[in-house]
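# A closer look at the structure
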Amino acid sequence: MSVASCPGCIAAGEVAETAGRDAGLPTHELILPGVHCVACIRSVEGLLNARPDIAAARVNLSRKRVAITAEPGIDPAPWIEALTDIGFEAHEARDAGNRGQDDGLTMRLGIAGFAMMNVMLLSVAVWSGATDATRDFFHWISAAISLPAAIYCAQPFFRSAVSALRGMRLNMDVPISLAIILACGLSLYETSQGGEHAYFDAALSLTFFLLGGRVLEKRMRQAARSAAADLAALEPLRVTRIEGETRVSVPVDDVAEGDTLWLAAGARVPVDGALNSDAAQVDRSALTGESDEIAVARGAALTAGEIVLTGPVTMRTTVAAKGSTLRRLIQIAAHAEGSKSRYTSLADRAAGVYAPLVHGLSFAAFIGWSVATGDMYNALKIAIATLIITCPCALGLAVPAVATVATGRLFRMGLLVKSETALERLAEVDTVVFDKTGTLSAAALVPSQEMPVEAREILKALAQASAHPLSRSVLTLLKDVSVADLEGISEHRGNGVSGLWNDQTVRFGNAAWIGAGQGTVLQVGDMIYSLERREQSFADAADTVERLREMGFDVHMLTGDSERNATRVAAELGVTHVHAEVDPEAKQDLIEQLQTEGRKVVMVGDGLNDTLALTRAWASIAPGTALEASQNAADVVLLGQHLSGIPAAIGIARSARRRILENFALAACYNAVAIPLSLAGFASPLMAALAMSTSSITVTLNALRTKA
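What counts as what
- Residues numbered from 1 in each chain as written.
- Predicted model: local features only at pLDDT ≥ 70, side-chain atom pairs only at ≥ 80, totals over all residues.
- Heavy atoms only, no water.
- Helix = DSSP H or I, 4+ residues; strand = E, 2+ residues; numbered from the N terminus.
- Buried < 20%, exposed > 50% of the residue type's maximum accessible area, 1.4 Å probe, protein only.
- Contact = heavy atoms within 4.5 Å.
- Areas by Shrake-Rupley, 256 points an atom, 1.4 Å probe, with all protein chains shown as cover.
- Salt bridge = Lys/Arg side-chain N within 4 Å of Asp/Glu carboxyl O.
- Pairing = 2+ DSSP bridges.
- Lys, Arg positive; Asp, Glu negative; His and termini not counted.
- Core = buried A, V, L, I, M, F, W, Y, C linked by side-chain atoms within 4.5 Å.
- Axes fitted to C-alpha atoms, helices over the stretch in contact; angles between N-to-C directions.
- Parallel < 35°, antiparallel > 145°, perpendicular 65-115°, else oblique.
- Left-handed = near helix turned anticlockwise from the far one by under 90°.
- Nonpolar A, V, L, I, M, F, W, Y, C, P; charged D, E, K, R; others polar.
- Patch = residues over 30% accessible without salt bridge, like charges linked within 9 Å, V, L, I, M, F, W, Y side chains within 5 Å.
- Phe/Tyr/Trp six-rings, centres within 6.5 Å; stacked < 30°, edge-to-face > 60°.
- Lys NZ or Arg CZ within 6 Å of the ring centre and 35° of its normal.
- pLDDT = per-residue confidence, 0-100.

Of regular secondary structure, the chain possesses 24 helices and 26 strands. Expressed as a percentage of its 708 residues, the buried residues of the chain come to 50%. Within the chain, contacts between residues at least 6 apart in sequence are counted, and of these 68% link residues at least 24 apart. When the accessible surface of the chain is split by element, carbon and sulfur atoms take 56% of a total near 31200 Å².

To continue, consider the pattern of salt bridges. Throughout the structure, instances matching the rule amount to 17 salt bridges. A salt bridge links Glu550 to Arg547; the shortest N-O distance between them is 4.0 Å. Linking Glu550 with Arg547, this pair stays in helix H18 (residues 541-550), spanning three residues, or about one helical turn. Residue Glu550 is classed as exposed on the basis of its relative accessible area, which comes to 55%. Here Asp554 makes a salt bridge to Arg599, at a shortest N to O gap of 3.0 Å. Here Arg599 lies in the loop between helix H20 (584-596) and strand S24 (601-604) and Asp554 lies in strand S22 (residues 554-558), a separation of 45 residues in the sequence. Judged by relative accessible area, which is 29%, Asp554 ranks as partly exposed. Residues joined in a network through salt bridges with shared partners are Arg241, Glu243 and Asp259.

Below, the discussion takes up the environment of Ala511. Within the secondary structure, Ala511 sits in helix H17 (residues 511-514). On the basis of relative accessible area, Ala511 is assigned to the buried category, the value being 0%. On a C-alpha basis, the gap between Ala511 and Val521 in space is 5.5 Å, while along the polypeptide they are ten residues apart. When sequence neighbours within four positions are dropped, the list of residues in contact with Ala511 reads Ala516, Gly517, Gln518, Gly519, Thr520 and Val521.

So, about the sheet that holds strand S9 (residues 279-283). Read across the sheet, three strands follow the order S10-S9-S12 without closing on themselves; strand pairing throughout is antiparallel. Edge strands, defined here as strands with exactly one partner in the open sheet, are strand S10 (294-297) and strand S12 (307-308). In the sheet, S9 pairs with S12 via two bridges, with the strands oriented antiparallel. Along S12, the bridge assignment pairs Val282 with Val308.

So, on to the side chain of Arg507. Here Arg507 is to be found in strand S19 (residues 504-510). For the buried Arg507, which has no salt bridge, the nearest side chain bearing the opposite charge is Asp526, at an N-O separation of 9.2 Å.

Moving on to the sheet that holds strand S5 (residues 238-243). Across the sheet, six strands lie side by side as S6-S5-S7-S13-S8-S11; this open sheet has antiparallel pairing. Of all the strands in the sheet, the pair left with one neighbour each is strand S6 (246-251) and strand S11 (301-302). Relative to strand S7 (residues 260-263), S5 is paired through two bridges, and the arrangement is antiparallel. For Thr240, the partnering residue across the bridge sits in S7 and is Trp262.

By the element assignment, Ala112 lies in helix H4 (residues 105-127). Contact partners of Ala112, with chain neighbours within four places excluded, come to Cys153, Thr207, Phe208 and Leu211.

A separate point is the nonpolar core. Core analysis: the largest hydrophobic core is formed by 44 residues, its most contacted members being Leu426, Phe434, Leu548, Ile621, Ile646 and Ile650. Element by element, the count of residues in this core is highest for helix H23 (residues 645-679), at eight residues. Ignoring anything within four residues of it in the chain, the contact list for Leu426 reads Val602, Ala619, Ile621, Val636, Ala649, Ile650 and Ala653.

A few words now on the environment of Val446. Looking at the secondary structure, you find Val446 in strand S16 (residues 441-447). Judged by relative accessible area, Val446 falls into the buried class, the value being 10%. Between the alpha carbons of Val446 and Glu532 there is a distance of 5.4 Å; along the sequence they are 86 residues apart. Excluding anything up to four places from it in sequence, Val446 contacts Leu477, Leu531, Glu532, Arg534 and Gln536.

Right, let's get into the packing of helix H7 (residues 173-192) against helix H12 (residues 376-389). The description of two packed helices rests on the angle between their axes and on the distance between the axes. Two numbers describe how H7 lies on H12: the axes approach to 9 Å, and their chain directions differ by 150°. The orientation of H7 relative to H12 falls into the category roughly antiparallel. Like other packed secondary-structure pairs, H7 and H12 cross with a definite hand, here left-handed. Contacts between H7 and H12 involve Pro175, Leu178, Ala179, Leu182, Ala183, Leu186 and Glu190 from the first element and Tyr377, Leu380, Lys381, Ile384, Leu387 and Ile388 from the second. Broken down by class, the residue content of the contact of H7 with H12 amounts to eleven nonpolar, no polar and two charged.

Below, the discussion takes up the packing of helix H6 (residues 155-166) against H7. At a minimum axis distance of 8 Å, the contact between H6 and H7 shows a crossing angle of 125°. When the axis of H6 is compared with that of H7, the two are oblique. The element H6 and its partner H7 pack so that their crossing is left-handed. Across from Phe157, Phe158, Ser160, Ala161, Ala164 and Leu165 in H6, the residues of H7 making contact are Asp173, Val174, Ile176, Ser177, Ile180 and Ile181.

Next up on the list: unusual backbone geometry. One non-glycine residue, Asn502, lies in positive phi territory at about 50°. Residue Asp503 is not a glycine yet carries a positive backbone phi of 65°. Inspection of the secondary structure assignment puts Asp503 in the loop between strand S18 (496-501) and S19.

On the surface, a nonpolar cluster with roughly 260 Å² of combined accessible area is contributed by Met107, Ile111 and Tyr152. Looking at the secondary structure, you find Met107 in helix H4. Relative accessible area serves as the criterion here: at 53%, Met107 is assigned to the exposed category.

Bringing the packing of aromatic side chains into the picture now. Within this structure, the stated rule accounts for one aromatic pair. Plain terms: the ring middles of Phe137 and Phe138 are 6.1 Å apart, the flat faces sit at 45° to each other, and that makes the pair tilted. Cation over ring: Arg247 sits above Trp262, and NZ or CZ is 4.1 Å from the ring centre.

Chain-level statistics for the chain give a pLDDT mean of 78 and a share of 80% at 70 or above. Ranking the helices and strands of the chain by mean pLDDT puts strand S13 (residues 313-317) first, with 94, and helix H1 (residues 7-22) last, with 37. When the criterion is pLDDT under 50, residues 1-24 qualifies, and its contacts beyond four places in sequence or with other chains add up to 31 contacts. The low-confidence segment residues 336-344 (pLDDT under 50) makes 25 contacts with residues lying over four places distant or belonging to another chain.

This is how it looks when you write it as structure tokens:
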């Protein structure tokens, strides 16, 4: 039974965290991806609270974390190991010391909302006919509630406005801050003079709705930042290193190349390396999307972020922590988060022009009404309403909201956007050019003769222990075959792999090494089975090409391979435009030729020979298996080898462009209607606050419609 939506459980976790902090002891946090029900909570809390080194532990089910109150400097490794022993994956949260570091937006939003509701209740009494002393009394109570609340809750706007003015520039927070200050000042003056109208509710409403928009925007931006945050969460903060005969817990950043690490069952691989134990089952879904468990043998490569399902095992690192595959992916994701597309720059420039326009209109409204009517008070009220209603919040949210949603959804589909203009350019492409080898297809070893079941099982067991790239193709071919129980498996670099099966020597590798002629063979006792090298297209390549053609794209294939091989693979995949035996410069020239003809090309490639073409293309995509140079040149990186994400990426980019244009149109229509009404005096400050906030929320909600 799931209680993920139970407010009591969620609140209990938050209260426990607060209590731990108030107690003066540091609160550690462990991430628990596997907790999902009351039984999980009881198991985790029961185990941890029974430990003498823990003062208190409370699970927050909504965040899938456990907050632990303990003494300073304590190592959480024993807690993680204890939780692993009872079946819960656990690792230390990187942001344990930074919870709540959001400028207090959520707290400010709550206070502004509470104050606004109370002031509105008092305003109802005034609107209902309260006069004289009763009305003044309600106004003063409203002032006592509103002024402290506005001063505290509007601080994010005030700080941003002061910072902008110090830099001799204007941003959207300048008119917002001015509107709040003027609304409060006018209301306080009106109250002190015993006037009939006060607009404390307008000031608080403006603050509340603006904070609501900021909180919503922050949550949506967190969806985009989850690319880096989620990847970072895959890396544990501490690891267990074997030093001599002992196991020592050390920070992951202290791991160096050649270290031997100890991993419990269910632990994530912290750094790239090779398996030191005889065998293990590995889950690579977090990085590649591959749902099947993969069996690996001694010497097999392990990549940071994978989960070791069986254990405990040991591994020897091949890189330092800072050079791991996971760290590189985190850097790519972080780069994407700080990027801005041309559309975003346009929105920023528009908002920058819009801010002085707002001040000009507000000042013009004040002067115009003052001269026309001689009523300074009414002129100031209209100026404040104009200032509020024309705040450029909708314009400022038009692009960031869409970019945030699109980037987050692409990441969850296995794509990292690493260029600041990638979404814009992907939305405009009309031609897709694929590299062949490594992108659409790969060399594979295929048995050239019928093998008995026992031989296939032996071949799979030996291939698992091989680091040779072609061994992976054998594992793919034999994915439904069981693994033989071999002994004494060892890899002979440059030659192959050997082992013992039923006291018989079995070997897989170079035929010359085995003494069986040329090529690659499997030896089982006296029997020799030949394997030939063939090129096979990836499982989803044909479906991807078909989907792109259905979307109206011209699909080309570039390769340095022979015309015969290229034509065969193209026929299998349904690619009609084939360019074979081309070198890197020729690939680049072909891309430029297509773009000279008015095409906008997206290039998909993985090798060094594709780097020039990736750079020249209008947009570019590299598989996660591509060389680092190719990934650096690409705008988008696929996690893993799955090509089906390419049509989805283009679809989401096109949807994002539509949402951005719609948001600009919504912001323009809103201002075309709202500005004349406010200048004509038909909008009070409260009505202006509601209208402005509604436009911002509308733009934000429209961004959520971004989809493939």
